[in-house]
Amino acid sequence: TRMSYHCFASLFWANGFFSRLNHALQGGFFSSPINYFISKPFLDKSVKKILMNIVLNGMEAIANIGDIIISTRNHYQENVVKGYQKIPPGSYVVLSIADSGSGIAPEDLERIFEPFYTKKVMGKSGTGLGLAVVWNTVQDHNGFIDVSSTGLGTRFTLYFPTTQISAQETTGKTPIEKLMGNGEHVLIIDDEATQREITSNILKRIGYSVATAEDGDAAMQYLGAHSVDLVLLDMIMRPGMGGLEIYQRIIRKFPGQKTIIVSGFAETEEVTKARRLGAGAFLKKPYDIETIGMVVKNELHSGK
């Protein structure tokens, strides 16, 4: 699938572009030939965030009139590719954004994803966080980035690992029916909005009622007003209270509250402390629908 826009390099044009881009995304931008299962929140939020930041950079790199070309494809890679990152073999959905701007200087290219590294005028055209957001979003989805740039333009190529198994099909060795909940109420506590939405989407697909909280204060407020069957608590929270402190507050006020500890890192000392205090299973990110489905179901039906 390919979208091409011939544009004047003016930020006044951005609203119209993103209006049309949003329409394309909603109307099936990732329809055939992109036929792999990717969660809807990823399409709705993460792709738009990536596109917004890269496209705005491309627009500013175009001096007068030029092109920004957005394309997607299915891709199977047999060998390791050494580009901006080493990209391992596997099946990917590839998102490419190319512009015909002035390009990125070689000495700047290796630093473009660093937070606050920018050649723009601070407060006028950017904060220096745009490409750092792109980098973190791609990493959150276990993806990879390649960047090539010359004096004739820049191309960002993003690789997202795929699966041809949808949430409605059998997952791994466990039939989807065995993962289904019965409307139990789950509270997800995570400071990452994208992660909250992806996890929420998965749990809703398999029959759970879901609420979310972005920090400890929001979680305590919600728990004070609602009965919750299970809490999914991320250990690495910033800023403010960390996961262990949040869990300690939860069990002081709501003794016996069933909780699963979640983290993108190995089981740390804080995770061990939380489990000694009564927390249940440890769930490591990233997880698939089968893993989270079984962990949630087992915890709900445990004797704790």
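Keep in mind that this is a model prediction, so the values were computed, not measured.

Overview of the overall build of the chain
Helix and strand content of the chain: nine helices and twelve strands. Looking at the chain alone, contacts between residues at least 24 apart form 69% of all its contacts between residues at least 6 apart. Working note: accessible area of the chain is about 15,500 Å², and carbon and sulfur atoms make up 52% of it.

Some remarks on helix H5 (residues 193–205)
Side chains three or four residues apart in an α-helix point the same way, a direct result of the helix having 3.6 residues per turn. With 13 residues, H5 ought to run about 18 Å at 1.5 Å a step, and its terminal C-alpha atoms sit 18 Å apart, in line with that. Taken residue by residue, H5 has Thr 194, Gln 195, Arg 196, Ile 198, Thr 199, Ser 200, Asn 201, Ile 202 and Leu 203 as its buried positions. Looking one or two residues beyond H5, the residue adopting positive phi is Gly 207, at roughly 95°.

A closer look at the pairing of strand E7 (residues 153–161)
For E7, the tally of buried residues reaches seven of nine residues, placing the bulk of the element in the interior. Looking at chain direction, strand E5 (residues 90–99) and E7 are connected through eight bridges and run antiparallel. Within E7, the position partnered with Ile 97 by the bridge is Phe 156. Relative to E7, strand E6 (residues 144–150) runs antiparallel, the two being bridged by seven bridges. Note that in E7 the partner of Val 147 across the bridge is Phe 156.

Focus on the pattern of salt bridges
This structure, assessed with the given rule, holds four salt bridges. The partner of Asp 234 in a salt bridge is Lys 285, with the nearest N and O atoms 3.2 Å apart. Here the residue Asp 234 occupies a position in strand E10 (residues 230–234), and Lys 285 occupies one in the loop between strand E12 (282–284) and helix H9 (289–300), the gap between them amounting to 51 residues. Lys 285 shares its class with Asp 234; the two are buried. Here the salt bridges do not stand alone but share partners, grouping Asp 190, Asp 234 and Lys 285 into one network.

Some points on the nonpolar core
Among the nonpolar cores identified, the biggest contains 23 residues, and Leu 187, Ile 189, Val 231, Leu 233 and Ile 261 are the most heavily contacted of them. Sorting the residues of this core by element identifies strand E8 (185–189), strand E9 (209–213), helix H6 (216–225), E10, helix H7 (243–253) and helix H8 (269–276) as the ones contributing at least two each. Ignoring any residue separated from it by four or fewer positions in sequence, one finds Val 231 in contact with Leu 187, Ile 189, Leu 223, Ile 250, Gln 257, Lys 258, Thr 259 and Ile 260. Judged by nonpolar contacts, the second largest core, of 22 residues, contains Ile 50, Leu 51, Phe 156 and Phe 160.

Topic: the packing of aromatic side chains
In total, this model carries two aromatic pairs according to the counting rule given. With 5.6 Å between their ring centres and 85° between their planes, Tyr 92 and Tyr 159 make a pair best called edge-to-face. Of this pair, Tyr 92 sits in strand E5 while Tyr 159 is found in strand E7, placing the two residues 67 residues apart along the sequence. A residue is classified by how much of its surface remains accessible, and Tyr 159, at 8% relative accessible area, is buried. In this structure an aromatic cluster arises from ring pairing among Tyr 92, Phe 144 and Tyr 159.

Focus on the side chain of Arg 196
Inspection of the secondary structure assignment puts Arg 196 in helix H5. Of the buried charged residues, Arg 196 lacks a salt bridge, with Glu 214 as the closest side chain of opposite charge at 4.2 Å. Residue contacts for Arg 196: discarding those within four places in its chain leaves Ile 188, Asp 190, Asp 191, Thr 212, Ala 213 and Glu 214.

Reading the values: rules and limits
- Residues numbered from 1 in each chain as written.
- Predicted model: local features only at pLDDT ≥ 70, side-chain atom pairs only at ≥ 80, totals over all residues.
- Heavy atoms only, no water.
- Helix = DSSP H or I, 4+ residues; strand = E, 2+ residues; numbered from the N terminus.
- Contact = heavy atoms within 4.5 Å.
- Areas by Shrake-Rupley, 256 points an atom, 1.4 Å probe, with all protein chains shown as cover.
- Expected span 1.5 Å × (residues − 1).
- Buried < 20%, exposed > 50% of the residue type's maximum accessible area, 1.4 Å probe, protein only.
- Pairing = 2+ DSSP bridges.
- Salt bridge = Lys/Arg side-chain N within 4 Å of Asp/Glu carboxyl O.
- Core = buried A, V, L, I, M, F, W, Y, C linked by side-chain atoms within 4.5 Å.
- Phe/Tyr/Trp six-rings, centres within 6.5 Å; stacked < 30°, edge-to-face > 60°.
- Lys, Arg positive; Asp, Glu negative; His and termini not counted.

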